[in-house]
Amino acid sequence: MAKKGRVFSGARPTGRQHLGNYLGAIKNYVALQDTYDSVYCIVDVHALTTVETTENLKQNTFEMALDWLAAGIRPDESILFVQSHVPEVMELHTYLSMVTPFGKLTDLPTFKEKVRQQPENVNYGLLGYPVLMTADIVLYKTDIVPVGIDQAPHIEFARETVRSFNYRFNTKVLIEPQVKHTEVLKVVGIDGKDKMSKSLNNHIELASTAEETTKRVREMVTDPARQRKTDPGNPDICNVFTMHKIFSPQEEVDMINVECRRAGIGCVDCKLRFANNLNKDLEPFRAKRADLESKPSYVQDILNDGGKRARAIAQQTMSEVREAMQLP
Ligand code: AMP
Ligand code: TRP
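What you see is a predicted model, and the numbers here were worked out from it, not measured in a lab. Here the residue numbering is sequential within each chain, running from 1 through the sequence in written order. To read the labels, note that chains go from A and ligands from 1, taken in the order they are written. The model is predicted, so local features are restricted to residues of pLDDT at least 70 and side-chain atom pairs to those at 80 or more, both for listing and for counting; the totals for chains, interfaces and linings are taken over all residues. Hydrogen atoms and water are omitted, and side-chain values are computed over all heavy atoms in the structure.

Q: When you look at the domain arrangement of the protein in this model, what are you seeing that I'm missing?
A: For the protein, the assigned domains read domain 1 (6-187 + 296-325) and domain 2 (210-289). Measuring from the centre of the C-alpha atoms in domain 1 to the corresponding centre in domain 2 gives 34 Å. Residue contacts are defined here by distance: any two heavy atoms, one from each residue, within 4.5 Å place the two residues in contact. On the domain 2 side, the residues contacting the 12 residues of domain 1 number 7 residues. Note on definitions: buried area is the accessible-area loss of two parts on being combined, 1.4 Å probe, summed for both. Interface area for domain 1 against domain 2, summed over the two sides, is near 870 Å², with a carbon-plus-sulfur share of 69%. What counts as a salt bridge is simple: a side-chain nitrogen of Lys or Arg found within 4 Å of a carboxyl oxygen of Asp or Glu. Run the count over domain 1 and domain 2 and you get 2 salt bridges. Domain boundaries shown here were taken from an automatic or database domain assignment.

Q: Is there a simple way to explain the site of ligand 2 in this structure?
A: We define proximity as follows: a residue is near a molecule or strand when any one of its heavy atoms falls within 4 Å of that partner. If you check the shell around ligand 2, you find 14 residues, and the closest are Gly 10, Tyr 129, Met 133, Asp 136 and Gln 151. At a separation of 2.7 Å, a nitrogen atom of ligand 2 approaches a polar side-chain atom of Tyr 129. With respect to ligand 2, the side chain of Asp 136 contributes an N or O atom lying 2.8 Å from a nitrogen atom. Contact with the protein chains hides 92% of the accessible area of ligand 2, taken as 360 Å² for the molecule alone. Numbering of helices and strands starts at the N terminus; helices are DSSP runs of H or I of at least 4 residues and strands are runs of E of at least 2. Elements represented by at least two residues in the shell around ligand 2 include exactly strand S1 (6-11) and helix H8 (129-139). Identification of polar contacts relies on pairs of N or O atoms within 3.5 Å, with a donor-acceptor requirement for protein atoms, meaning one able to donate a hydrogen and the other able to accept it, and with residues adjacent in sequence counted only if both atoms are side-chain atoms. Using a 1.4 Å probe, the Shrake-Rupley method yields the accessible areas, and only the shown protein chains count as cover for residues.

Q: Please clarify how the packing of aromatic side chains should be interpreted in this entry.
A: Here a ring pair, both rings aromatic, is described through the centre-centre distance and the interplanar angle of the planes. Two rings belonging to Phe, Tyr or Trp (six-membered ring only in the last case) form a pair when the distance between their centres is within 6.5 Å. Interplanar angles under 30 degrees mark stacking, angles over 60 mark edge-to-face geometry, and anything in between is tilted. Per the stated rule, a full pass over the model turns up 6 aromatic pairs. Considering the side-chain rings of Tyr 29 and Tyr 40, the 4.7 Å spacing of their centres and the 20° angle between planes classify their relative orientation as stacked. In this pair, Tyr 29 sits in helix H1 (residues 19-32) while Tyr 40 sits in strand S2 (residues 37-42), placing the two residues 11 residues apart along the sequence. Residue classification places Tyr 29 among the buried residues on the basis of a relative accessible area of 3%. On the basis of an interplanar angle of 50° and a centroid distance of 6.1 Å, the ring pair of Phe 247 and Phe 274 is categorised as tilted. Remark: Phe 274 occurs in helix H13 (residues 267-293) and Phe 247 occurs in helix H11 (residues 239-247); sequence separation between them is 27 residues. The pair Phe 247 / Phe 274 is uniform in exposure class, with both members buried. An aromatic cluster is built from Phe 8, Phe 81 and Tyr 140, whose rings are joined through pairwise contacts. Burial classification: accessible surface area is computed with a 1.4 Å probe over protein chains only, and a residue below 20% of its type maximum counts as buried, one above 50% as exposed, and the rest as partly exposed.

Right, dumping it as structure tokens:
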């Protein structure tokens, strides 16, 4: 079947993926493969803007490849690769930087947040992060970019950069990408408050064992106004209920919705039910992941092959870009 266009997404190799990554991004990576030519990238160069040491980079890249493959990325059909295997992206990053106003980069909320998080390491690469991200996207003539809501300003930045570049060089060689989010815009962590993220240690890893997952789910914060089992709760503001709506059968969701409000079901019971349903849902993922983990050279071959296929597209785009820029 002819596909509609191209999808591209990437994520920094932070290691094992969590429910936020899955519900906010990976679910779309997998679904979009059916209708789009798909390219997924583990952005190790972007990771260098924040990491203090690269000693875990290889392992984290491997862990992420395992998670993405186990979640359903199909490497025969789609391209799965590592960013640094396609050095053309660095060249395009440099060209795009010439049409990028400095102030636009310093104004980005994502940059300001990083400055707050790592004031001792505000490096040049960190400032150029969105330019490199734009290079990732446009190098593959991407139509659609599935990412979580936090990345929306970066996609808007990419669109503006494409317009500036095409205008400046009087060309149509670069394509303006569209952002695509999942229905769950922001997955909240087990603290019931902040966005789920590894750095806040409020996450639930997809690859944990069933026991570890249950332990983590038991720590989830529910409706804070509900102190005792005999107090009625409010599912509308409870993160555990939000998760039930995603992972539990409809009858169970309906039952909890009624029983929680009249203190017929306690938070511990409610959480254990969620943990069971989540573990059931993740069973096939975990089995597939364990199998892949036992075949590291097979996974490495997938990444190497993906790199070659990605590079062929990148080289074609770069010759068009150089031509449009009239580089001698
Ligand atoms: P990160 O792990 O922050 O590099 O993010 C990788 C991808 O997952 C990006 O597309 C993010 O937008 C998405 N993502 C990360 N955390 C969450 C979350 N808590 N809720 C929704 N999407 C998320
Ligand atoms: N900035 C993205 C994140 O933190 C990762 C990323 C790099 C990306 N290049 C990309 C996402 C290109 C989509 C497209 O999650």
